[in-house]
Amino acid sequence: MHVIVCIKQVPETSNVRMDPQTGTIVREGVESIVNPFDLHALELALRLKEQRGGRVTAISMGPRAAETAIREALSMGCDDGLLLSDRAFAGSDTWATSRVLSAAVRKLAPFDLVLAGVRATDGETGQVGPGVASLLALPLATYVSSVLELTDGFVTVERLIEEGYESLRLPLPCLLTAGKEVGFPRLPTLRGKQRARRQEVVHRGPTDIEVDAARVGLAGSPTRVTAIERPTLTRTGRIVDAARIGAGRAAAELADFLQEHHLL
Amino acid sequence: MSAMPYSPVTEEVLAELARIVGERHVLTDPEKLEAYSHDEVADRECAAMPEVVVRPQTAEEVARIVRLAYERRIPVTPRGAGSGLSGGAVPLFGGIVLSTERMNHILEIDEANMMAVVEPGVVTNDINEAVAALGLFYAGYPMSLETCCIGGNVAENAGGGKAIKYGVTERYVLGLDVVLPTGQIVELGGKRLKDVTGYNVLKLMVGSEGTLGIVTRIILRLLPLPTAQVVLLVPFADVRSAVAVVPVLMTAGGVIPTAIELMDRLSVQASCRYLNEQLDYERAGAMLLIEVDGSDEEIVRRDYERIGEICLDHRAQEVYVADNHTTRERLWRIRRNIAEAFKVISPVQSLEDIVVPTASIPDLMPELDRLSDRFGVQMPCYGHAGDGNLHVTVVKDPAEPMDAWRRKLPECLTELYRAARRLGGTISGEHGIGSKRKAFMPLVAGEAELDLMRKIKRALDPRNILNPGKIVDL
């Protein structure tokens, strides 16, 4: 079995600072990490490999420094790593990124599964996974919480929906975006780290994956960021004063409020 | 306990206190006072209610409160965040609890001298957050750093998880303003890296547990912030294998790690379950958490690889590597939450703090097994293996009646302390004596030494009003 995992390097955001002038994230001195959701996707891929054999390829589009993210994936146990790094890719939005990743995935065929995190913690769009699926005409399941069964030709997954969970059976190959429910990411081991450091990370540009350089990067991105605004947070509190209106009426008012807001 | 006559806090005293700090900062509501009646010692028998809590904001206010207390013979117990583990901030004789919570300002960050001047109520970790952007850090790393106050760290001479490389609080305290038990304010030390002007009263104050003075301003030394940090988590089949590797790491490793923390099976499982951590911990009998830091990624990599290889050569089951903030924090959280996790499992326990020479840790382990068998108690063990400071915790069997536990605990502790003593150790490495370990002082300090401590206390605090009943009885 061949599983391809799309990962992204993102700034570590546990203590994020915003530039009050530009409204953008201060990236200076901020560590780069593998997008946390992608770590769950990697964990899922590695568990499937443990059960079924085969190999796992991690791919990422990003600057040369994103090689660290690929090496992180290798140190967790991925077999191969591919970095899509080229000036032509710079400034890609989710559309162009999907185009680049799908072209690279096509080159890595045959494959049985493509995995990605549900979204990246920097852009928070959740569009690239589905974008890759549609460009490759692959069946898609998003917000996957667990893989229930993987048989020849089909995968049955459980996915998170607003009302709860649903099960889907998809023909292979297909694309799944993984939520954190699929499993806690493993830590790299010393041996894994050492292996990953010696391993070659393949770098590929637009000609290698046969995409038109004009249709990727900033030029190939229809999205334009015209303004960035900080949302203002408003919280309104309502106090039910039992001392003033009596416990009985207060309780009734509270019950009404909770029912009104579907909290009961 | 000495029958030192103390006066009660009268209405008139309350009015006087209100004149000093303002009415809002004089608390007498019993519900509010309760929060100031205990620290983090699990045993509520160590708790005692204050008569009043005052929250001054300046050294002058502190001095006026202490002078008033001195004149009226009212006990004063200084208090930071109340996260102590020896009953240090508990007002054993009632009276006034003097909380430094409003003295929580970072007064100065002196980049050129690499120092920070802070008030005692500043949360320890806030100092790091304030100086990180300048590429500096404060090297103290108590496990409660997100809640504890720097003033408490100074009073207890707090140690913590990074003491093997960076030492404990006293190494970083260069200056203190202190209100003495008679109400005078003294300035000790200063922004000087060397100073042998007379007796080192500054260092006497550090670790004096609030019995000799109340710290109102602290000058701290800062260090260049390490830019590369790697944490290794190393599971072993049993505690013995884990502790056996520690002296080897220190000698053959050729590296001083920032931390070597030990967690036995019970500690790992309690904390992992408490945090819902999915790490593969079930088959580990013990784990070491080892941190290496430095300013060069390549050197740090070589250091951690060397340490990792030594561990694998000495029966480690695996070596996990955390080299970014997220994973490092994930591992440190397991270590930092052990004490909290045990409290959830069994609130009746005694969290101990023995320290032995590092090479003697392997000899201590069979002693723990022996005591655990003999007294029929669980004794999970975790702590700072790299500096020999282990938080053995004596946990009551839930089925055991309380009075039987109360009878056996002092006996069990005495045996534990004697075992530590035999190995060249002592009863507290970083938590302090407070009231919790006072009765056991004669096990590790001779009469001449205890008498010296009493003389110091009497000389500075002739009326014994400052945090009375702690460390030694007069």
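1. Examining the sheet that holds strand 3 (residues 76-79) of chain B
Hydrogen bonds between backbone groups are what pair the strands of a sheet, and the pairing can be parallel or antiparallel.
Residue and element names in this part refer to chain B.
For step 1, the next point in the chain: If you walk across this open sheet you meet the 4 strands as 1-2-4-3, and the pairing is mixed. Each edge of the sheet is formed by a strand with only one pairing partner; in this case those strands are strand 1 (26-27) and strand 3.
For step 2, the next point in the chain: Summarising the sheet, strand 2 (residues 52-54) and strand 4 (residues 96-99) pair through 3 bridges and their orientation is parallel. Across the sheet, residue Val52 finds its bridge partner in strand 4, namely Ile96.
For step 3, the next point in the chain: Relative to strand 4, helix 3 (residues 59-72) is tilted by about 170 degrees, and along the sheet it contacts strand 2, strand 3 and strand 4.

2. Brief notes about the domain arrangement of chain A
For step 1, the next point in the chain: When cut into domains, chain A gives domain 1 (2-209) and domain 2 (231-263).
For step 2, the next point in the chain: Each of domain 1 of chain A and domain 2 of chain A has a C-alpha centre, and the two are 44 Å apart.

3. Quick word on the environment of Gly253 of chain B
All names here are of chain B.
For step 1, the next point in the chain: Among the structural elements, Gly253 can be located in the loop between helix 8 (239-252) and strand 13 (259-264).
For step 2, the next point in the chain: Look at Gly253 and you get buried, because its relative accessible area is 1%.
For step 3, the next point in the chain: C-alpha separation for the pair Gly253 and Glu309, spaced 56 residues apart in sequence, amounts to 9.6 Å.
For step 4, the next point in the chain: Filtering out sequence-adjacent residues up to four positions away, Gly253 remains in contact with Val248, Arg306 and Ile310.

4. Brief notes about the packing of aromatic side chains
Residue and element names in this part refer to chain B.
For step 1, the next point in the chain: The final tally for this structure, using the stated rule, is 6 aromatic pairs over all chains.
For step 2, the next point in the chain: Judged by centre distance (6.0 Å) and plane angle (85 degrees), the ring pair of Tyr138 and Tyr172 falls under edge-to-face. Of this pair, Tyr138 sits in the loop between strand 7 (136-137) and helix 5 (150-156) while Tyr172 is found in the loop between helix 6 (163-166) and strand 8 (173-179), placing the two residues 34 residues apart along the sequence. Like Tyr172, Tyr138 is buried.
For step 3, the next point in the chain: When the ring of Tyr417 is compared with that of Phe440, the centres are 5.0 Å apart and the planes differ by 80 degrees; the resulting orientation is edge-to-face. With a gap of 23 residues between them, Tyr417 in helix 14 (residues 402-422) and Phe440 in the loop between helix 14 and helix 15 (441-444) connect regions that are remote in the sequence.
For step 4, the next point in the chain: Taking the relative accessible area as the measure of exposure, Tyr417 reaches 0% and is therefore buried.
For step 5, the next point in the chain: Positioned over the ring face of Tyr141 is Lys162, at 4.2 Å from the centre of the ring.

5. Some thoughts on the pattern of salt bridges
For step 1, the next point in the chain: Per the counting criterion, the structure on display carries 50 salt bridges over all chains.
For step 2, the next point in the chain: Between Lys193 of chain A and Asp323 of chain B there is a salt bridge, with its nearest N and O atoms 2.6 Å apart. Placement of the pair is Lys193 of chain A in helix 5 (residues 190-198) and Asp323 of chain B in the loop between strand 15 (320-322) and helix 11 (325-336), with the two residues belonging to separate chains.
For step 3, the next point in the chain: Using a relative accessible area of 12% as the deciding quantity, one classes Lys193 of chain A as buried.
For step 4, the next point in the chain: Between Asp369 of chain B and Arg240 of chain B there is a salt bridge, with its nearest N and O atoms 2.9 Å apart. Residue Asp369 of chain B is found in helix 13 (residues 361-375), and its partner Arg240 of chain B is found in helix 8; the two are separated by 129 residues along the sequence.
For step 5, the next point in the chain: Its relative accessible area of 49% is what places Arg240 of chain B among the partly exposed residues.
For step 6, the next point in the chain: Overlapping salt bridges, with partners in common, bring together Glu43, Arg47, Glu50 and Arg186 of chain A in one network.

The rules behind these values
Each chain has its residues counted from 1, running along the sequence as written. Numbering of ligands from 1 and lettering of chains from A proceed in the order in which they are written. Whole-chain, interface and lining totals are the exception, using all residues; otherwise, since this is a predicted model, local features are given only for residues with pLDDT of at least 70 and side-chain atom pairs are given and counted only at 80 or more. The side-chain values count all of the structure's non-hydrogen atoms but skip hydrogen atoms and water molecules. Think of it this way: DSSP has to see at least two bridges between two strands before they count as a pair. The helix and strand labels rest on DSSP assignments: H or I over at least four residues marks a helix, E over at least two residues marks a strand, and numbering proceeds from the N terminus. Residue contacts are defined here by distance: any two heavy atoms, one from each residue, within 4.5 Å place the two residues in contact. For helices, the fitted axis covers only the stretch in contact; all axes are lines through C-alpha atoms, and the angles between them, taken along N-to-C directions, range from 0 to 180 degrees. Residue ranges assigned to the domains are those given by an automatic or database domain assignment. Burial status follows relative accessibility: with a 1.4 Å probe on protein chains alone, a residue under 20% of its type maximum counts as buried, one over 50% as exposed, and anything between as partly exposed. Centres within 6.5 Å are what make two rings of Phe, Tyr or Trp a pair, Trp counting through its six-membered ring; a difference in plane orientation under 30 degrees is then read as stacked, over 60 as edge-to-face, and the rest as tilted. Any Lys NZ or Arg CZ that is within 6 Å of a ring centre and within 35 degrees of that ring's normal is treated as a charge sitting over the ring. A carboxyl oxygen of Asp or Glu within 4 Å of a side-chain nitrogen of Lys or Arg is what we treat as a salt bridge.

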